[in-house]
Amino acid sequence: MKIGRRGFLSFVIGGAAGTALSPLPWKLMDDSSIWTQMWPWTPVPEDGEASYVNSVCTLCPGHCGITVRKIDNRAVKIEGMKGHPVNNGGICLLGLSGLQLLYGPMRVKTPLKRTGKRGQGQWEKISWNDAVSEVVEKLRDIRSEGHPQTVGFISGFDRGTVSRLFERFLTAYGSPNFMRMPSVRDSYELAQYLMQGVQALPGFDFENSDFVLSFGSGLIDGWGSPVRMSRVHSAWQSAGVKVIQIEPRLSNTAAKSDKWIPINPGTEGALAMGLAHVIVKESLYDADFIENNVEGFFDWKNLVIDKYSPDTVASITGIDSRTIVVLARGFANASKPLAVCGRGNGTTPVNIDECMAVHALNALVGNIHKKGGVWAVSEPDYINWPEIEMDAKAAAGMQHERLDGAGSKTYPFTRYLLPRLPETIDPGEKNPLQALFVSGANPLYTHPDTQAVRNAFDKIPLVVSFSSYMDETAQNADLILPNHIYLERYEEVPTPAGMIEPVIGLSRPVVEPQFNTRHVGDVILQMAKGLGGSVAKTFPWDSYDSCLKETLGDLWNYLIDKGFWSNTGAMPPFFGTSYETASGKFELINKDNGSIPQFKPVSIEGDEKDYPLLLIPYDSMRLACGFIGDPPFVMKTVEDSILKGKDVFVELNPKTARNQGLREGQRVVLTTPKGKAEVKVHLFEGIMPGLVALPRGLGHTGWDEYLAGKGINFNTLIGPVEDPDSGLDAAWGIRAKLEKA
Amino acid sequence: MDSALIPRGVKRCPLWQFLLFIGAAGIVLLWGVYAMFLCWFKGLNQTNMNDYYGFALWIWADLAVIAVGGGAFFTGLLRYIFGKDALKNIINYAVLIGFICYSSALLILAIDIGQPLRGWFIFWHANVHSMLTEVAFCLSCYFGVLTIEYIPLILENRQIDKVPFFHHLGHNMHEVMAVFAATGAFLSFFHQGSLGGVAGVLFGRPFAFREGIFIWPWTFFLFTWSAAACGPCFTILVTKITEKVVGKKLVKDNAIELLAKISGWMLLTYTIAKFIDTWYWVTVLAPSQGFTLMDFYSNNPLYGIWILITEIAICGLVPAAILITPKGRKNPVALWIAISLAVVGVCLNRWVMVLQIMAVPVMTFDNWVMYLPSWQEVATTILPGAYGVILIAISYRYLPVFPNEAELNPMEPLPAEEAEEKSVEPSVDLEPELTPAEA
Amino acid sequence: MKEGRTHKRFQKFGMVIDLDKCTGCGSCMVACMAENNVPFRKDESNKLLSITWMRVYKLTNGMPFPETDVCYLPRPCMQCAGQHEGHSPCVSVCPAIATDYSMESGIVSQIYTRCFGCRYCMASCPYHARYFNWWDPIWPDGMEKYLSPNVSPRMRGVVEKCSFCFHRYQRAKDRAYMEGRRELQEDEYQTACTQACPAGAITFGDLNNPKHAVSEMVEPDPKHSGRPKNPNAFRLLERLGTNPKVYYLSSREWVRRAGDNYLKNEKKVKKPVHHG
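These figures come from a predicted structure and were not determined experimentally.

## Things to note about the overall build of chain C
- Regarding its fold elements, chain C presents six helices and ten strands.
- In terms of C-alpha radius of gyration, chain C reaches 19 Å, essentially the compact-globule figure of 19 Å for 276 residues.
- Within chain C, the fraction of its 276 residues that count as buried is 58%.
- Counting contacts in chain C only where the partners sit at least 6 residues apart, residues at least 24 apart contribute 62% of the total.

This is the structure we're talking about:
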């Protein structure tokens, strides 16, 4: 058949019209839009039965109660637990992101053994049995060679059954080298020991004080138990409590305070002494308290009057003398004033003089162990385990001095001095540390002078990490024995940092362990069993869970039922027993060792000629800088004036920038005696001229691609500065310079 | 080879030259098509738009082509309704340009939306209160009208015309064209206006917001008015460019001058209205919301007060003054300047009403936001240009677009097959390809 | 009020955010992300592309050292009512009714499956409370386990925004109906951000219900064109006539002033402009 032009055209046009009128195009149009509404690559969360599990968050020392919402066996949301004494329903952004840590790509999913060089990221999966026996063999060798003291343990925490198991294991094995990660608690514990003779947790009754004087503590920037501090801050706002923040940079805490008093960094102790001068000179102190409860007041008074006049202090601190006088009067005349020290979120110690000077202020106004004051909080005493069985090897090992020098002749009262470890390890030919275990800590990230710590680690023949996440320390370990994360395990959680009322919470498995991980407590028990002998006998429990149950006794059922135990009506420790000093009083001058609150400047690294600026760190709730790194949600909240792409910004006063010829957004090289890094400039009026501020919490190499490689780790630019009196790291900053990149 | 398709009495370039030209424009077209598919398959992350700059280059291009495409409705209105017969010699071209502009606008919208397959929801789930709904309806309808207006021209092709059915169809369509012109003018009034309304109703954006009557903000009327004023200028501009490219005169001066004169008066009145609108906005409306003029024009590297001056004075008053004076519009150079400025002016106005709205901070703690289009956006924006060039080239070669062409360019007795052909929109990179092979 | 004729009293859910209490910690942002299945990407530092239904802005007073001051301002969707109930900037412009104003709750909804991504609503919102899904949402392998079934993850190419956790309202209502109640208690329906805020800076409830805390906190003063009696209360960009349902409290004058635009020498807030 021949199709003519006309026929063809008719066919085409007719066909087109026919198709258009048929349901076909309309059906296709509809179908395609329905398809876009349920694209198979956009997940549809499965529905199921909803339930709630109460537990405790242990991502920071804040220890908030949490309620986890579940759909069938999936955890879908973490919320703050209503009625919990710490947080009463509130929750911080890190706690809210916990499920990203549970299900996230940063998890170590199975025991791993290093195959390549350290830190190269080459691993092979091994079974739990192989992993543990490998460790046990090594430990057995070390022990049989008679050097049990060369095994060390770094823990992020030193309270509760898990930490006690670590310590117990080391002791039974024969090593004194259990080390806790440093924090301002070190300074406070020491100050309280020296002035009050007690070994206790520092507690601050912020809820009841009416005048808060903070020497740089980032009270709402992650200090202590952050949610509790937020609640406290709101209570202050409602009640009109005066809050004075003293620090060189306008932190959030400073911005929310009634008055921000900028101070030359590192001179906070001098200001405390200056305030004491005014209080003493004008007799504003609590005469009653001084007379009955304080020892050494008159000697100290002379020192204070002599050396710390407002004018002298003004010249040191940069705060004018009038302000000092007004501040001192305001503080002393308040009915429940409270002074607190420790910079930023409190994860670094301060030098002991500064801490004692600030603590002395509280004593001057009689606010020790009182409502609205500072308490020495004793731990609820529920861990009563049988005596440790020690064989000869263990006893011999325990005779050795600690590697970090804590408790030595030089630093007799300091408990842990982890920052001193690298310097101990480094020079030796044969490493004094043959094996190191790390749990709940990430020293290769959080320690000052990261490179030095890493060099030291390189010399340790065996590094075992218990980390649940691929953090920097895990990355550089030989073996990773991943712990369950807090949402997968039982653990009792003692009183949160800074709280005065004793609380015990219970972390419990919200979901089944997601991966081939194991409770670190069980691994310790397994190791002990593997070693046999007295070590094994020291651990009579089958599993960590049974150990915990047995330890808690009746409390176990209470905690399972209620989720937490607290002593809400906690009374301050009774005066007579709370000062365990020789004099039975609060000692302004400790006669045993001559320590006395005063101001000794900490000489930080670098000289002014080469490094005209001062670099200080700052903390933010939105940047976790401890053993946990920011999960993706939290990273999302980091402002673009802090991080843009992979570049971190340093804060500079516009005046400083002008002097240095720098402008907003400019790329610069930040150099300190410890290292250099490329950063960008952000101009901020809220920082003292001459300073450079860098946020902590960035510059990770581990974790996941949402966090790694962004910004600079502050700790790579600073080194520890040893406080000669206590051995604590007293560095508050480091000299620095900026050059155009 | 294709001589049988070429209209009688006119000369066109050799086929190979034509194909070479089409091929060159085709490459640009393909580049744009590639970018378009990237946007469709990978999503709008291919652009540099963001949550502050949700409207960007495309929407500007959309508004601009619709504004300059306004020549079609306004010329049609003048020709068929007001009986300006002289315009019959340019009406075909005006319709063709309009058709290109509007089809481009629809294509851009199809690329611009995040869910192109759901684009029809705007009709199916229409929100009658939304200016954008009004735009969508009128735009689509008017595109239909333009298609109907363009079809008779296609039917006039020598070969198609031979088919009696098409011949009669074309004839009959011509007869009723006035009805479509009227419909088109009506629809255009609304969608040009509602495009203006799109910005004007944004009461959260003091830079854009205008009061008005009933549901229509003043920008509604200003947009229609400026499209009517500047659309014909664009028609003239494209005609002039086409003439330059093909190297012959295609439209008689009286048609051009008449259109230019009317445009001139429209532009003048528009500029006055725009000035009054701006004055009221600056002195009453914006201050009532806490803004001064300079809040909208400072503290940023691009959107300075120069924009307002350029738009109103340089691209409004100057071309208006040239076009309304006989001396001005008769002077070829002055005419070129005037129509170019008018077209730039209306495009600038649309730019401001899209991009500057997005750039100006409203919350006191927000910042100016700057935006640079990605290559995918640029390519898809140039795509309609290339498509326009090709459609003009084909139409010019095979359809009697310019009724005066034969008269103005009498053929040599020899029926030489070569003719010149060319076209164009201001597409610079194409110029070298167009070097006349010479008639 | 037609109380006599009908039992149904319209609710007007709103929020009061105490900026004196807000510490800028960012909990509200993350609570919202976790509650509403908000996706995230490798780099979220470009805030122009970062989906944050609740965003905390950092405001500075612009004064030189040491007079500098900083205040944080959480910004959810303002659930604008407009000058006549329902005339929100965004609802009035959406061409496909993909966003709507609920007369029952006063909440501005967003229907993701209806939205076709024209982004006109984003252009209309002066608060930048609306976000576009420029990318397909992708969760790292395994992380999709925490996704809540109460909020559907959004596909690429549509706009999303804060819904005042509308699904919680539905959940609470369902529960109440099951128990034979018609009215919700104040604490039965709270948004995720309100619940999480460690500082208790956010108060949420029905502005029309005198029993709810919010209605007391920002009780209107009829003598003062309906502005709250509380002198510390203000709303963002009130002068534009958006009529938001999110109120802020601040004792600092510069913060209150940062809430709106003022001419240089303007002292008092004039009546907001009205739009026909």
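After that view, the rundown keeps rolling.
## A word on the overall build of chain A
- On a plain count of helices and strands, chain A comes out with 27 helices and 28 strands.
- Taking 741 residues into account, the globule formula puts the C-alpha radius of gyration at 27 Å, and chain A, at 29 Å, falls close to it.
- Referenced to the eigenvectors of the C-alpha coordinate spread, the extents of chain A come out at roughly 125 × 70 × 55 Å.
- Burial status across chain A gives 60% buried among its 741 residues.
- When contacts within chain A are restricted to residue pairs at least 6 apart in sequence, long-range pairs at least 24 apart make up 74% of them.

## Observations concerning the sheet that holds strand β19 (residues 503-507) of chain A
Residue and element names in this part refer to chain A.
- If you walk across this open sheet you meet the three strands as β18-β19-β20, and the pairing is antiparallel. On the outer flanks of this sheet lie β18 (491-493) and β20 (564-566), each paired with one strand and no other. Going from strand to strand, the sheet's axes swing by 15° on average, the running direction of each strand aside.
- With three bridges joining them, β19 and β20 adopt antiparallel strand pairing. Paired with Val503 across the bridge in β20 is Ser566.
- Contacting β18, β19 and β20, helix α24 (residues 554-562) crosses the sheet at an angle of about 110° to β20.

## A short note on the environment of Lys249(B)
All names here are of chain B.
- Secondary-structure assignment places Lys249 in the loop between α9 (218-246) and α10 (253-288).
- Distance from Lys249 to Thr239, taken between C-alpha atoms, is 9.3 Å for residues ten residues apart in sequence.
- If near-sequence neighbours (up to four positions away) are discounted, Lys249 is found in contact with Glu243, Leu408 and Asn409.

## So, the sheet that holds strand β11 (residues 259-261) of chain A
Residues and elements named next belong to chain A.
- One open sheet holds the four strands; their spatial order is β11-β10-β9-β13, and the pairing between them is parallel. Among the strands making up the open sheet, the edge pair consists of β11 and β13 (337-344). The sheet shows a mean angle of 20° between the axes of neighbouring strands, taken without regard to direction.

## Focus on helix α14 (residues 321-333) of chain A
- The first and last C-alpha atoms of α14(A) sit 18 Å apart over 13 residues, in line with the 18 Å expected at 1.5 Å per residue.
- For α14(A), the secondary structure elements touched by its buried residues are β9 (211-217), β10 (242-246), α10 (268-281), α13 (310-317) and β13 of chain A.

## Side note on the pairing of strand β15 (residues 435-439) of chain A
Residues and elements named next belong to chain A.
- Taking burial as the measure, the five residues of β15 include five buried ones, the bulk of the element.
- Neither face of β15 is exposed, since Ala435, Phe437 and Ser439 on one face and Leu436 and Val438 on the opposite face are all buried.
- Relative to β15, strand β6 (residues 151-155) runs parallel, the two being bridged by five bridges. Its bridge partner lying in β15, Val151 is registered against Ala435.
- With four bridges joining them, β15 and strand β16 (residues 462-465) adopt parallel strand pairing. Following the sheet pairing, Ala435 is matched in β16 by Leu462.

## Examining the domain arrangement of chain A
Residue and element names in this part refer to chain A.
- Parsing chain A into structural domains produces domain 1 (112-180 + 385-488 + 511-564), domain 2 (201-377) and domain 3 (613-740).
- Contact residues are listed per partner, giving 26 residues for domain 1 and 21 residues for domain 3.
- Listing elements by their share of the side of domain 1 that touches domain 3, those giving two or more residues are α18 (443-446), α19 (450-459) and α20 (472-475).
- By residue class, the composition of the side of domain 1 that touches domain 3 is eleven nonpolar, eleven polar and four charged.

## A few points about the nonpolar core
- If you look at the biggest cluster of nonpolar residues, it comprises 463 residues, and the most contacted ones within it are Leu275(A), Ala276(A), Val692(A), Cys230(B) and Cys32(C).
- Looking at this core element by element, the count peaks at 16 residues for helix α14 (residues 332-359) of chain B.

## Thoughts on unusual backbone geometry
- Residue Pro66(C) is bonded to the preceding Phe65(C) through a cis peptide linkage, with omega at -5°.
- Its location among the elements puts Pro66(C) in the loop between β2 (55-60) and β3 (70-75).
- Within the chain, Asp72(A) stands out as a residue other than glycine whose phi angle is a positive 50°.
- For Asp72(A), the position within the fold is in the loop between β2 (65-71) and β3 (74-80).
- We classify Asp72(A) as exposed; it has 12 C-beta atoms within 10 Å.

## Side note on the interface of chain C and chain A
- On the chain A side, the residues contacting the 54 residues of chain C number 63 residues.
- Broken down by element, the residue count for the side of chain C that touches chain A peaks at seven residues, all from helix α1 (residues 27-35) of chain C.
- Of the residues contributing to the side of chain C that touches chain A, the split by class is 27 nonpolar, 14 polar and 13 charged.

## Thoughts on the packing of helix α1 (residues 15-42) of chain B against helix α15 (residues 375-398) of chain B
- Here α1(B) crosses α15(B) at 145°, and the two axes come no closer than 7 Å. Seen from above, α1(B) lies across α15(B) with left-handed handedness.

## Here we look at the interface of chain C and chain B
- Between chain C and chain B, the contact holds 45 residues from the first and 43 residues from the second.
- When contributions to the side of chain C that touches chain B are tallied by element, the ones reaching two or more residues are β2, α2 (120-124) and β6 (130-132) of chain C.
- Of the residues assigned to the side of chain C that touches chain B, the class counts are 30 nonpolar, nine polar and six charged.

## Some thoughts on the environment of Met54(C)
Residue and element names in this part refer to chain C.
- Structurally, Met54 is set in the loop between α1 and β2.
- Given 26 C-beta atoms within 10 Å, Met54 falls into the buried group.
- Distance from Met54 to Val151, taken between C-alpha atoms, is 16 Å for residues 97 residues apart in sequence.
- The residues touching Met54, leaving out its near neighbours within four places in the chain, are Cys28, Met29, Cys32, Pro74, Pro76, Cys162 and Cys193.

## What about the pairing of strand β25 (residues 667-672) of chain A?
All names here are of chain A.
- Bridge analysis of β25 against strand β26 (residues 675-683) gives six bridges, and the strand direction is antiparallel. Across the sheet, the residue bridging to Val668 is Val679, located in β26.
- Hairpin connection from β25 to β26: two residues lie between these consecutive antiparallel strands.
- For β25 and strand β28 (residues 734-740), the ladder comprises four bridges, and the chain directions are antiparallel. Paired with Leu670 across the two strands is Leu738, which belongs to β28.

## Side note on the packing of helix α12 (residues 306-324) of chain B against α14(B)
All names here are of chain B.
- Put simply, α12 and α14 touch, their axes get as near as 8 Å, and they point 145° apart. Between α12 and α14 lies a crossing of left-handed hand. Contacts between α12 and α14 involve Ile307, Thr310, Glu311, Ile314, Cys315, Gly316, Val318, Pro319, Ile322 and Leu323 from the former and Ala334, Ile337, Ala338, Leu341, Ala342, Val344, Gly345, Leu348, Asn349 and Val352 from the latter.
- Tallied by class, residues from the contact of α12 with α14 come to 15 nonpolar, four polar and one charged.

## Looking at the environment of Phe74(B)
Residue and element names in this part refer to chain B.
- Within the secondary structure, Phe74 sits in helix α3 (residues 70-81).
- For Phe74, a count of 29 C-beta atoms within 10 Å puts it in the buried group.
- Sequence-wise, Phe74 and Gly200 are 126 residues apart; in three dimensions their C-alpha atoms are separated by 23 Å.
- If we skip the residues at most four places from it in the chain, Phe74 touches Ala228, Gly231 and Pro232.

## Comments concerning the confidence of the model for chain C
Residue and element names in this part refer to chain C.
- Mean pLDDT over chain C works out to 91, with 93% of the residues at or above the 70 mark.
- Contacts of residues 1-6 to residues separated by more than four positions or lying in other chains number zero contacts, the stretch itself having pLDDT below 50.
- In this model residues 269-276 is a low-confidence stretch, pLDDT under 50, and it forms 13 contacts with partners more than four residues away in sequence or in other chains.
- Interface predicted TM-score (ipTM) for the complex: 0.93; the corresponding pTM is 0.92.

Criteria and cut-off values
- Residues numbered from 1 in each chain as written.
- Chains lettered and ligands numbered in written order.
- Predicted model: local features only at pLDDT ≥ 70, side-chain atom pairs only at ≥ 80, totals over all residues.
- Helix = DSSP H or I, 4+ residues; strand = E, 2+ residues; numbered from the N terminus.
- Rg over C-alpha atoms; globule rule 2.2 N^0.38 Å.
- Buried ≥ 20, exposed ≤ 12 C-beta atoms within 10 Å, placed from the backbone.
- Contact = placed C-beta atoms within 7 Å.
- Pairing = 2+ DSSP bridges.
- Axes fitted to C-alpha atoms, helices over the stretch in contact; angles between N-to-C directions.
- Expected span 1.5 Å × (residues − 1).
- Domains from an automatic or database assignment.
- Nonpolar A, V, L, I, M, F, W, Y, C, P; charged D, E, K, R; others polar.
- Core = buried A, V, L, I, M, F, W, Y, C linked by C-beta atoms within 7 Å.
- Left-handed = near helix turned anticlockwise from the far one by under 90°.
- pLDDT = per-residue confidence, 0-100.

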